[in-house]
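One-letter residues, chain by chain:
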Amino acid sequence: MGNAQCCAQQNEGSAVSVVTTSVNDLPKDPVAEPLPMASAADPVADPDGAEAVAPKATPPPTVAVPEGALVLTFKTQDSSKKPMTFTKKPLGIDFCKNIPVSVKRTHPGGVAQELGIQPGWVLVKVNDIDLRPRTFQQIQELLVK
């Protein structure tokens, strides 16, 4: 469909004129042209006509962890990840002894219960250490440090 051809009716003894036009030779329709997509790095124009300023990236919030605290990150039933900070021991939590390690129960009045940890939550990190490649024994060692 790249070429359009137009020709006159051919009569005996008459010349035939053929005109070939490429689609690339046609004038551009500015309405049909796709608009470039803006990226986060593109400057944003000020509606008052001031100089354009690039948007600033928002860094993820950092949470100050008290020295000596233990941060356990759990995957909840709705698959969200919840980091929980323990500042005192005992933790008040029993884990199932298989991989992936999940919460078996929390102790009444214990720290885990106070934090709202629920049975069935899966332990995915101890401090910043990902537990996926770890054995049960390695995870247990991280918890008792």
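K.L.:
I'd like to hear about the nonpolar core, residue by residue, with values.
P.N.:
In a soluble, globular protein the nonpolar side chains are often hidden away together inside. Judged by nonpolar contacts, the single largest core of 20 residues is most densely connected at Leu-72, Phe-74, Phe-86, Phe-95, Ile-117 and Leu-123. Every element with two or more residues in this core is listed here: strand S3 (70-75), strand S4 (81-86), strand S5 (93-95), helix H1 (111-115), strand S7 (122-126) and helix H2 (136-144). If sequence neighbours within four positions are ignored, Phe-86 has contacts with Ala-69, Leu-70, Leu-72, Leu-91, Val-111, Ala-112, Leu-115 and Ile-117.

K.L.:
So what about the sheet that holds S7? Which residues, and what values?
P.N.:
Read from one edge of the open sheet, four strands run S4-S3-S7-S8, paired in antiparallel fashion. Each edge of the sheet is formed by a strand with only one pairing partner; in this case those strands are S4 and strand S8 (129-130). Bridge count between S3 and S7: four bridges; the pairing is antiparallel. Residue pairing across strands places Phe-74 opposite Leu-123, the latter belonging to S7.

K.L.:
Can you break down the confidence of the model for the protein residue by residue, with the values?
P.N.:
Taken residue by residue, the protein gives an average pLDDT of 76. The fraction at 70 or more is 57%. Of the regions scoring below 50 in pLDDT, residues 4-11 engages in 13 contacts with residues more than four places distant in sequence or in other chains. Low pLDDT, under 50, characterises residues 14-23; the predicted model gives this stretch 21 contacts beyond four residues in sequence or across chains.

K.L.:
Give a detailed account of the pairing of S4, specifying residues and quantitative values.
P.N.:
Relative to S4, S3 runs antiparallel, the two being bridged by six bridges. Considered in S4, the bridge of Thr-73 is made with Pro-83. Linkage of S3 to S4, two consecutive antiparallel strands, is achieved through a turn of five residues, within which Ser-79 is found at a positive phi near 70 degrees.

K.L.:
Describe unusual backbone geometry, and please don't skip the residues or the numbers.
P.N.:
In the segment running from Lys-89 into Pro-90, the intervening peptide bond is cis, with an omega of 0 degrees. The residue Pro-90 is located in the loop between S4 and S5 in this model. Although it is not a glycine, Ser-79 adopts a positive phi angle of roughly 70 degrees. Among the structural elements, Ser-79 can be located in the loop between S3 and S4. Of note in this structure, Asn-127 is not a glycine but carries a positive phi near 55 degrees.

K.L.:
I'd like a rundown of the side chain of Ser-102, residues and numbers included.
P.N.:
Looking at the element boundaries, Ser-102 is found in the loop between S5 and strand S6 (103-106). On the accessibility criterion, Ser-102 (13% relative accessible area) is buried. In contact with Ser-102, not counting residues within four places along its chain, are Asp-94, Phe-95, Cys-96, Gly-120, Trp-121, Val-122 and Leu-123.

K.L.:
Would you mind going over H2 in detail, with residue names and values included?
P.N.:
For H2, the set of buried residues is Ile-139, Leu-142 and Leu-143. For H2, the arc enclosing every buried residue in end-on projection is 100 degrees, short of the 170-degree limit, so these residues lie on one face. Structural note: H2 exposes Gln-137 and Val-144 on the side pointing more than 90 degrees away from its buried face. Those residues of H2 that are buried lie in contact with S3, S5, S7 and S8.

K.L.:
Quick rundown of the pattern of salt bridges? Include the residues and the values.
P.N.:
As enumerated under the stated definition, the model contains two salt bridges in all. Taking the shortest distance from any N to any O, the salt bridge between Arg-105 and Asp-94 comes out at 2.9 Å. Highlighted residues: Arg-105 in strand S6 and Asp-94 in strand S5, separated in sequence by 11 residues. Take Asp-94: its relative accessible area is 23%, and that puts it in the partly exposed class. In this structure, Arg-132 and Asp-130 form a salt bridge, with 2.6 Å as the shortest nitrogen-oxygen distance. The class for Asp-130 is partly exposed, based on a relative accessible area of 26%.

Parameters and conventions
Throughout this document, residue positions are counted from 1 along each chain, in the order its sequence is written. Only residues with pLDDT of 70 or above have their local features reported here, since the model is predicted, and side-chain atom pairs are shown and tallied only from 80 upward, although totals for entire chains, interfaces and linings are computed over all residues. Each side-chain value is worked out from all heavy atoms of the structure, with water and hydrogens disregarded. Definition used in this section: a nonpolar core is a set of buried Ala, Val, Leu, Ile, Met, Phe, Trp, Tyr and Cys residues joined via side-chain atoms within 4.5 Å. Between buried and exposed lies partly exposed: a residue is buried under 20% and exposed over 50% of the maximum accessible area for its type, with that area taken using a 1.4 Å probe on protein chains only. We count a stretch as a helix when DSSP gives it H or I for four or more residues in a row; a strand needs E for two or more, and each element gets its number in order from the N terminus. In this analysis, two residues are considered to be in contact whenever any of their non-hydrogen atoms come within 4.5 Å of each other. Note on pairing: two strands pair once DSSP finds at least 2 bridges between them. For every residue, the predictor states its confidence as a pLDDT score lying anywhere from 0 to 100. This arc corresponds to the set of directions leading from the helix axis out to the C-beta atoms. Here, a salt bridge means any Lys or Arg side-chain nitrogen found within 4 Å of an Asp or Glu carboxyl oxygen.

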